[in-house]
Amino acid sequence: GVTSSLSVANHKMTPPNVLGDAGQLHERLAACRSEPLRARVTASLKILDDALRVFGCDAVYASFNGGKDACVVLHLLRAARHAHREKTGAAAPPRAIYFDATDDFDVVR
């Protein structure tokens, strides 16, 4: 697994194995020790859960460009889809769409 620390808005949390189980990811996000960060994560997961409930798993996508923000959204979507599957039994992998743009940061290309 990944053993380094992730710093988000001056809050530290140990990241889950980014290639690992979405259930473990959800548990670790929900167990974040920083209350301000946990509140933001919880609110984000709630928004994604509402979208999955209203629109269904097949209609909720993450827009992915390889950047840090897009990676965070993709992992939040993985965790939200896991929680949704646990509640409803609707199993489907996260969906993402990649837009190939010429003005991407060099590191993304």
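As the structure is a computational prediction, the values presented were derived from the model and not from experiment. (Residues numbered from 1 in each chain as written. Predicted model: local features only at pLDDT ≥ 70, side-chain atom pairs only at ≥ 80, totals over all residues. Heavy atoms only, no water.)

(A) Representation of helix H1 (residues 22-30) in the model. For H1, the full list of buried residues reads Ala22, Gly23, Leu25 and Leu29. An end-on view of H1 places all buried positions within 160° of arc, on one side of the element. Regarding H1, its N-cap is Asp21, as a side-chain oxygen of that residue lies 2.9 Å from the backbone nitrogen of Gly23 further along. (Buried < 20%, exposed > 50% of the residue type's maximum accessible area, 1.4 Å probe, protein only. Helix = DSSP H or I, 4+ residues; strand = E, 2+ residues; numbered from the N terminus. Arc of directions from axis to C-beta. Polar contact = N/O pair within 3.5 Å; in protein donor to acceptor, adjacent residues only side chain to side chain.)

(B) Seen up close, the side chain of Arg81. Here Arg81 lies in helix H3 (residues 68-88). As a buried residue without a salt bridge, Arg81 has its nearest oppositely charged side chain in Asp58, at a separation of 5.3 Å. If we skip the residues at most four places from it in the chain, Arg81 touches Leu52, Cys57, Val60, Ala92, Pro93, Pro94 and Arg95. (Lys, Arg positive; Asp, Glu negative; His and termini not counted. Salt bridge = Lys/Arg side-chain N within 4 Å of Asp/Glu carboxyl O. Contact = heavy atoms within 4.5 Å.)

(C) Main features of the environment of Arg38. Among the structural elements, Arg38 can be located in helix H2 (residues 35-55). Note on Arg38: relative accessible area 25%, which makes it partly exposed. Beyond its immediate chain neighbours, meaning those up to four positions away, Arg38 contacts Ala30, Cys32 and Arg33.

(D) Representation of H3 within the structure. The first and last C-alpha atoms of H3 sit 30 Å apart over 21 residues, in line with the 30 Å expected at 1.5 Å per residue. Considered for burial, the residues of H3 that qualify are Ala70, Leu76, Leu77, Arg78, Ala79, Ala80, Arg81, His82, Ala83 and His84. Considering only its buried residues, H3 is in contact with H1, H2, strand E3 (61-64) and strand E4 (95-98). (Expected span 1.5 Å × (residues − 1).)

(E) How the structure looks around the pairing of E4. In terms of strand pairing, E3 meets E4 through 4 bridges, oriented parallel. Bridging across to E4, Tyr61 finds its partner in Arg95. (Pairing = 2+ DSSP bridges.)

(F) Region of interest: the nonpolar core. Counting residues in hydrophobic clusters, the biggest one holds 16 residues, and the most contacted among them are Leu29, Val41, Leu45 and Leu76. Listed by contribution, the elements that provide at least two residues to this core are H1, H2 and H3. Looking at this core, the element that brings in the most residues is H2, giving 6 residues. In this structure, Val41 is in contact with Leu29 and Leu76, ignoring residues within four places of it in sequence. (Core = buried A, V, L, I, M, F, W, Y, C linked by side-chain atoms within 4.5 Å.)

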